[in-house]
Structures are given as structure tokens and as C-alpha cells.
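What follows is the residue order along each chain.
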Amino acid sequence: MSKDKLESMTGYLDKQSPKFPFPWQRRFFEVQLNPNPVLLYFQKPGDVAPKGTISAENIADVTMESRRGRKTRIIISLTSTARKYYLRASTPESCQSWYNCIRQLMEMTEEKEGANGALNEKVVETKENLEIMKTIHKNLIDCLRVCSKILQGKPSFQKFAMHVEHQSYFELGAYAPIFSTYFRAVCAFRNANFEVHLKLDDVSSVDLECLKFEGFLDEAARTPFLPKITAARMEEMLKAASMKSIEKLKRYIKEAENVKDDDVVAGLTQIVYLFRCLID
């Protein structure tokens, strides 16, 4: 692709939001080569201020991905190895053109990096990693709150919990102890044995563990990260915790299917879907 053709590359792509529940957003993309190669995206053509920018010098890799046998998705990995942009084209041909464009932008910067540039990039990368970690943290907490609301939503969950010999519907989630361990490995809680205490007045025994976990999430949301944690490590631990939770949820789903409890099957399946959204 010539430089003139590269600079005139514009068009609509769908961009997946990094915020839970990760909806697809239609954005108008265009290439800017001067002063530095960058990919801009806008709400619509003609907007003065872009919704966001992807600097070519921060692109580590770009790949195409197939869905239902058609290559229509592009994944842009940044130099931090944590944040990724997920783009979706309307046709395989458009996907290929944008892939070639982004690949060329990335290659244009590879010869320009000097010692000063590498130092500056390291500073930017550290700030970017912190923002990525904050986004991962917030998305997870939002997801877990939604999961709790699903379990609280129908009396059938409590009935099924008693069927599998649990005291509370909240035990069906199976994720609370797993993610409690995760947060203790990520957050700098002042007390390593931190635990939420609730006044028992007007609190049902079946709601107690759910409310305690909500309080734990409140504390995790306002607690800084441990110094040793990186965005890449956080993503790795999040994936492991999510997969472990999904495996436990699947066992309950199977039992709920056996007893033909459609409400429980639907609710737990929805929670599995939310965890998959976090790590896909």
C-alpha cells in the first residue's frame, strides 16, 4: 500500500469497549501520518476531536481472527502486552485492508526507535499499565456485583441451593472464595486477614454471605494495588480465577438440568457468560 493510499484510509469499524459488559461500538477510523503515524477513531465523520487514538509506535502486533469461517476481526496488541483493541469489519475484504494498513503503520515506526525514544516509551507504558489495571479491576468488580444480583433475583436459587445441601443461594455462585483469594493477591489490604463484619439486625441468614462479599468488593474497589502486580500478571490471575469459577458453575448447571430447574440453569449460564466476557 502506497503512502498516499495509506493516508487516505478511512472507514467504519466496530470497536469493542474495554468496559464491562464490553459492547461493540461503531466508530469511524482514519489514518494520520504526520507528525507521527497514528490511527484515530471518531464517533462519526467530520468530528473535530477523536474518541481515541492508537499510536503506531505503541503497537506490538496485529492479527486477524475468524468468526464463523470469515476473517472479519482484528486484534491490536500494545507494547504493554496487556491492553488489546478488538475491531470488527463488515466484510473479509475490509478486514484485510485494515489489517494491511495497521501492519504497515506498525512497521513504519520500527526503524525510528532510539535510546531516548525507548526511555520515553517505558514511562508512557508504566502509566498505561496502571490505567489498564484500573480498568481490569473495575470491570471485574462490576461483573461480580451483577453476578450477585442474578443469584438474588429469584427464590428458585435458594430452593436449588438447599437441594444441593447448601445453606444459601450465594454458595451456588462458587466464585466468592476464588475471587477473594484473587483480590488478596492483587490489593494491598492493610490487614492481611481483612474480613467484612455486618450488623445482623434485619439481615437474613441466607443473605449474609452475599452481603459480606459485597462489603469485601467495596473495600477492594478503594484499596491500592500491591507494588509487585503488573497488568499482564493481573490478566493471567483473572483468567485462572474465571476459568476455575466457570468449571464449578458448570457442575451446578448440570445438576439443575437434571432436576429441570430452568431458572437456575438460565441464571448460572448467564454468570458463566459474564466470566467468559472478562477473559475473551
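Here is what the cut-offs are and how they apply
Residues numbered from 1 in each chain as written. Predicted model: local features only at pLDDT ≥ 70, side-chain atom pairs only at ≥ 80, totals over all residues. Heavy atoms only, no water. 1 Å grid on protein atoms, 1.4 Å probe; cavity = no way out; pocket = protein on both sides within 12 Å on 5 of 7 lines; lining within 4 Å. Points joined across faces, edges and corners; volume = space filled by probe spheres on them. Helix = DSSP H or I, 4+ residues; strand = E, 2+ residues; numbered from the N terminus. Nonpolar A, V, L, I, M, F, W, Y, C, P; charged D, E, K, R; others polar. Buried < 20%, exposed > 50% of the residue type's maximum accessible area, 1.4 Å probe, protein only. Contact = heavy atoms within 4.5 Å. Core = buried A, V, L, I, M, F, W, Y, C linked by side-chain atoms within 4.5 Å. Pairing = 2+ DSSP bridges. Axes fitted to C-alpha atoms, helices over the stretch in contact; angles between N-to-C directions. Parallel < 35°, antiparallel > 145°, perpendicular 65-115°, else oblique. Expected span 1.5 Å × (residues − 1). Salt bridge = Lys/Arg side-chain N within 4 Å of Asp/Glu carboxyl O. Phe/Tyr/Trp six-rings, centres within 6.5 Å; stacked < 30°, edge-to-face > 60°. Lys NZ or Arg CZ within 6 Å of the ring centre and 35° of its normal.

Colleague: Could you clarify how one ought to interpret the layout of surface pockets in this entry?
Modeller: Unoccupied space between atoms shows up once a probe the size of one water molecule is rolled over them. Roughly 1400 Å³ of volume is contained in the largest pocket. When residues in the lining of the largest pocket are grouped by element, the largest group, eight residues, is from helix 3 (residues 115-152). A per-class count over the lining of the largest pocket returns 18 nonpolar, nine polar and 18 charged.

Colleague: I would appreciate a short explanation of the environment of T53 in the present structure.
Modeller: Mapped onto the fold, T53 is located in strand 4 (residues 52-55). A relative accessible area of 42% means that T53 is categorised as partly exposed. Separated by 24 residues in sequence, T53 and F29 place their C-alpha atoms 9.5 Å apart. Those residues in contact with T53 that sit more than four places away from it in its chain are V38, L39, L40, Y41 and Y85.

Colleague: Would you explain the nonpolar core in this entry?
Modeller: As a rule of thumb, nonpolar side chains are buried together in soluble globular proteins. Core analysis: the biggest nonpolar cluster contains 55 residues, and Y175, F179, Y182, F183 and F275 have the highest contact counts within it. If you list the elements that add at least two residues to this core, you get helix 3, helix 4 (155-163), helix 5 (176-186), helix 6 (208-221), helix 7 (231-258) and helix 8 (262-279). Counting residues in each nonpolar core, the second largest holds 25 residues, with L6, L39, A56 and A89 among its members.

Colleague: Even after reading the chapter, I still don't get the pairing of strand 3 (residues 38-42), so can you show me in this structure?
Modeller: Residues in a regular strand project their side chains so that they alternate between the two faces of the sheet. Burial analysis of strand 3 places five of its five residues in the buried class, the great majority of the element. Judged from the five bridges that link them, strand 2 (residues 24-32) and strand 3 form a sheet pairing that is antiparallel. Bridging from a neighbouring strand, V31 pairs with L39 of strand 3. Between the end of strand 2 and the start of strand 3, which pair antiparallel, lie five residues. As paired elements, strand 3 and strand 4 share four bridges and run antiparallel to each other. Bridge pairing links L40 to T53 in strand 4.

Colleague: Looking at this model, I keep getting lost on the packing of helix 4 against helix 8. Mind explaining?
Modeller: Two quantities define a packed helix pair, namely the angle between the helix axes and the distance between the axes. Between helix 4 and helix 8, the least distance of the axes is 9 Å, while the angle of their chain directions is 100 degrees. The angle between the axes of helix 4 and helix 8 places the two elements in the roughly perpendicular class. Where helix 4 abuts helix 8, its residues S156, F157 and F160 lie against D263, V264, G267 and L268. The residue inventory of the contact of helix 4 with helix 8, partitioned by class, reads four nonpolar, two polar and one charged.

Colleague: Please explain helix 7 as it appears in this structure.
Modeller: Because an α-helix completes one turn every 3.6 residues, residues spaced three or four positions apart along the sequence face the same direction. Look at helix 7: 41 Å from first C-alpha to last across 28 residues, which is about the 40 Å you get at 1.5 Å a residue. Taken together, the buried positions of helix 7 are A231, M234, M237, L238, A241, S242, S245, I246, L249, Y252, I253 and A256. Directly beyond the C-terminal end of helix 7, a positive phi value near 60 degrees is found at K260.

Colleague: Just checking my understanding: could you explain the pattern of salt bridges for this structure?
Modeller: When the charged atoms of two side chains lie near each other, side chains of opposite charge can form a pair. Counted according to the given criterion, the structure contains eleven salt bridges. Notably, a salt bridge pairs K138 with D142, separated by 2.8 Å at the nearest N-O pair. A residue pair is termed a helical-turn pair when its members lie 3 or 4 positions apart in one helix, as K138 and D142 do in helix 3 at four residues. According to the relative accessible area criterion, D142 is partly exposed, its value standing at 24%. Here K250 ties to E247 by a salt bridge, and the two come within 3.9 Å at their closest N and O atoms. With K250 and E247 both in helix 7, this residue pair falls three residues apart, about one helical turn. Looking at E247, the relative accessible area reads 39%, which means it is partly exposed. It is possible to trace a salt-bridge network through shared partners that takes in D14, R26 and R88.

Colleague: Whenever I open this one, the packing of aromatic side chains confuses me. Can you help?
Modeller: For any pair of aromatic rings, the description rests on two quantities: the centre-to-centre distance and the angle between the ring planes. Across all of its chains, the model carries 14 aromatic pairs by this definition. When the centroid spacing of 5.8 Å and the interplanar angle of 85 degrees are considered together, the rings of F170 and Y175 count as edge-to-face. Here F170 falls in the buried class, since its relative accessible area comes to 6%. Look at Y175 and you get buried, because its relative accessible area is 1%. A ring pair is formed by Y182 and F183, whose centres lie 5.3 Å apart and whose planes are at 75 degrees; its orientation type is edge-to-face. A network of ring pairs unites the aromatic residues F170, Y175, F179, Y182, F183, F213, F216 and F275 as a single cluster. We note R26 situated over the ring of Y12; from NZ or CZ to the ring centre the distance is 4.3 Å. Looking at R88, its charged tip hangs above the ring of W24, at a distance of 4.2 Å from the centre.

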